[in-house]
Amino acid sequence: MTVDLLLGLQWGDEGKGKIVDVLTSKYDIIARFQGGPNAGHTLEFDGIKHVLRTIPSGIFHKNSINIIGNGVVIDPVVFQKELEGLEKFNMDLKSKLLISRKAHLILPTHRLLDAASEASKGKAKIGSTLKGIGPTYMDKTGRNGIRVGDIELTDFKERYRNLADKHEAMIAFYDIDLQYNLKEMEDEFFAAVEVLKTLKFIDSEEYLNNALKEGKSILAEGAQGSLLDIDFGTYPFVTSSNTTAAGACTGLGIAPNRVKEVFGIFKAYTTRVGSGPFPTELFDETGQTIARVGNEFGSVTGRARRCGWLDLVALKYAVQVNGVTELYMMKGDVLSGFDTLKVCTGYNYKGQIINHLPYNIEEENVTPVYVEKKGWKADLTGMTKYEELPVEMKEYVEFIESEVGVPIRIVSVGPDRTQTIVK
Ligand code: GDP
Ligand code: IMO
Ligand code: MG
């Protein structure tokens, strides 16, 4: 069998958790391939709202196997809390949730380094989630990291101490006033490592390739979004992993020719949390309305998300980099009520109209070029069929399809599992 990918095409929070949950019944295995507890994936069903951080969004389905791949970074402390949140669901996590031995561990000092780095940057800060993501991936590529498999080694504590001591020297180098009690953080960390050890560690690339040979189907769940990709995002205001399609191959050990469908998910408008350029950002009442109706507050940090119009230049770029075969449009319901909607179809780049993403998309270089579309007033949240949607919304959907050249297969009209229209 083959592997399908589900990827966020914007700056994250597109609704990946909801859609993975909706799609899980079609797959045997759901696998996360990058990112870590910087992610917050929300699912809603049967009146329950649940936010997942490191655990794949297929976990609530009875028969699904959920894998945390080698490309993921795990903070045992956050992970322990995530497991506690699942206790009331009474799942057999030992057989349902498998962890790659090659996944890297986020140490308490990685979190401190993240905070120190951000504080030292002042106004130029990335706006990171402060979960230690950047420093952990730095140690991975710098070949200093500690992996899940190392927990099973007799000298785990010694390896930990060596790296943490190095980190403490680095924190001192930043010369900022960072208050912390490392002893307390370490006690919490080692207790959480004991909890992590109760789960099954696997050689996940071997497991997944064997599963494929046995005819099993796999859905790879991305975290963040394409515009936060370390290579293709709005660098340096990005995360530290490859959030794009290629990241699924390196983050799971799956060959490119095993990938079949690439599902690209986007909001009917755009949001971004943290710093960095955002050409279609709205600073007016319209932006505030979208934020309020869309409840645009980070599921991890609670920070207000910046809101703006849909940017087709950026969307086409993400579709191209990922080889998207099907689009899923989320939060269409949030746009109900506007007389007109704007969609960015090009950029005025230093006096020239372009329709690709240039090296610099900062405000001083890029002004969005908009077309106006008729809005709709109807409440979409109870609709279940594409035909029921207002004609203006169908025109909005079909306009995007014709501009991007990829069909929109799902239109989401609310946070619940059931508020999902298949076109
Ligand atoms: P993820 O990180 O991509 O999984 O997305 P988040 O969970 O961080 O943010 C998406 C938010 O939008 C969550 O609060 C979801 O419950 C909610 N959501 C998802 N789809 C829809 C939708 O179609 N309409 C509305 N109104 N909310 C949605
Ligand atoms: P999900 O999976 C939205 C953003 C942060 C910051 C930048 C770097 O829920 O879509 P990091 O902590 O990764 O070093 O932060 O990336 N960011 C996200 N924004 N959704 C996410 O994940 C994000 N994960 C990181 O706000 O701008
Ligand atoms: Mg999120």
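Residues numbered from 1 in each chain as written. Chains lettered and ligands numbered in written order. Predicted model: local features only at pLDDT ≥ 70, side-chain atom pairs only at ≥ 80, totals over all residues. Heavy atoms only, no water.

Caption draft 1: Focus on the pattern of salt bridges. Using the criterion set out here, one finds 22 salt bridges in the structure. Of the charged contacts, one joins R159 and D150 as a salt bridge, the two residues approaching to 3.9 Å between their closest N and O atoms. With a relative accessible area of 35%, R159 lands in the partly exposed category. The exposure class assigned to D150 is buried, which follows from its relative accessible area of 10%. (Salt bridge = Lys/Arg side-chain N within 4 Å of Asp/Glu carboxyl O. Buried < 20%, exposed > 50% of the residue type's maximum accessible area, 1.4 Å probe, protein only.)

Caption draft 2: Spotlight on the coordination of the magnesium ion (ligand 3). Here the magnesium ion (ligand 3) is held by D13 (OD) and G40 (O), and the distances to it run 2.0 to 2.3 Å. Residue D13 is found in the loop between β1 (3-8) and α1 (16-23), and its partner G40 is found in the loop between β2 (29-32) and β3 (41-45); the two are separated by 27 residues along the sequence. Relative accessible area serves as the criterion here: at 10%, G40 is assigned to the buried category. (Donors = N, O, S within 2.8 Å, 3.2 Å for Na, K, Ca; no water. Helix = DSSP H or I, 4+ residues; strand = E, 2+ residues; numbered from the N terminus.)

Caption draft 3: Region of interest: the domain arrangement of the chain. Domain annotation for the chain reports domain 1 (3-101 + 202-262), domain 2 (104-196) and domain 3 (267-422). The straight-line distance from the C-alpha centre of domain 1 to that of domain 2 is 23 Å. Listed by partner, the interface residues are 27 residues for domain 1 and 25 residues for domain 2. Counting the surface lost from both domain 1 and domain 2, the interface buries some 2000 Å², and carbon and sulfur atoms represent 66% of this. The tally of links between domain 1 and domain 2 comes to two salt bridges. Taking the shortest distance from any N to any O, the salt bridge between R101 and E152 comes out at 2.9 Å. For the pair domain 1 and domain 2, the interface holds nine residue pairs in polar contact (both at pLDDT 80 or more). Taken together, the elements giving at least two residues each to the side of domain 1 that touches domain 2 come down to β6 (73-74), α2 (76-86) and β7 (97-100). Looking at the side of domain 1 that touches domain 2 element by element, the count peaks at six residues for α2. (Domains from an automatic or database assignment. Contact = heavy atoms within 4.5 Å. Buried area = accessible area lost by both parts, 1.4 Å probe. Polar contact = N/O pair within 3.5 Å; in protein donor to acceptor, adjacent residues only side chain to side chain.)

Caption draft 4: The arrangement of the site of ligand 2 in detail. The local shell around ligand 2 holds 21 residues, among which D13, K16, H41, T129 and T239 are the closest. For ligand 2, an oxygen atom lies 2.8 Å from a polar atom in the backbone of D13. For ligand 2, an oxygen atom lies 2.7 Å from a polar atom in the side chain of H41. Residues that form the shell around ligand 2 fall into these classes: eight nonpolar, 10 polar and three charged. (Near = heavy atom within 4 Å. Nonpolar A, V, L, I, M, F, W, Y, C, P; charged D, E, K, R; others polar.)

Caption draft 5: Molecular detail of the UniProt feature "binding site: Mg(2+)" (unreviewed entry) in the chain. Taking the numbering used here, the UniProt-annotated feature "binding site: Mg(2+)" (unreviewed entry) corresponds to D13 and G40. For this annotated set, covering 28 residues, all C-alpha atoms fall within 7.6 Å of each other, a compact arrangement in space. By relative accessible area, which is 22% here, D13 ends up partly exposed. Excluding its chain neighbours within four sequence positions, the residues that come into contact with D13 are G40, K267, V273, S299 and R305. The contacts of G40, once residues within four sequence positions are left out, are D13, V51, L52, R53, S299 and V300. (UniProt positions renumbered as here; feature names shortened; annotations may be inferred.)

Caption draft 6: The arrangement of the site of ligand 1 in detail. Taken together, 20 residues surround ligand 1, and among them K16, T42, S299, D333 and S412 come closest. In the model, an oxygen atom of ligand 1 is placed 3.1 Å from a nitrogen or oxygen of the E14 main chain. G414 is positioned such that a nitrogen or oxygen atom in its backbone is 3.1 Å from an oxygen atom of ligand 1. Surface burial for ligand 1 is 93%, taken as the share of its 580 Å² of free accessible area covered by protein chains. Taken together, the elements giving at least two residues each to the shell around ligand 1 come down to α1 and β3. Tallied by class, residues from the shell around ligand 1 come to four nonpolar, eight polar and eight charged. Looking at the shell around ligand 1, you find at least three residues from each of domain 1 (3-101 + 202-262) and domain 3 (267-422). (Areas by Shrake-Rupley, 256 points an atom, 1.4 Å probe, with all protein chains shown as cover.)

Caption draft 7: Representation of the side chain of K18. On the secondary structure map, K18 appears in helix α1. Buried charge without a salt bridge: K18, with D416 as the nearest opposite-charge side chain at an N-O distance of 7.0 Å. A polar contact is formed between the side chain of K18 and the side chain of T420, at a distance of 3.1 Å. Dropping the residues within four chain positions of it, K18 is found in contact with T42, M330, S412, G414, P415, D416, Q419 and T420. (Lys, Arg positive; Asp, Glu negative; His and termini not counted.)

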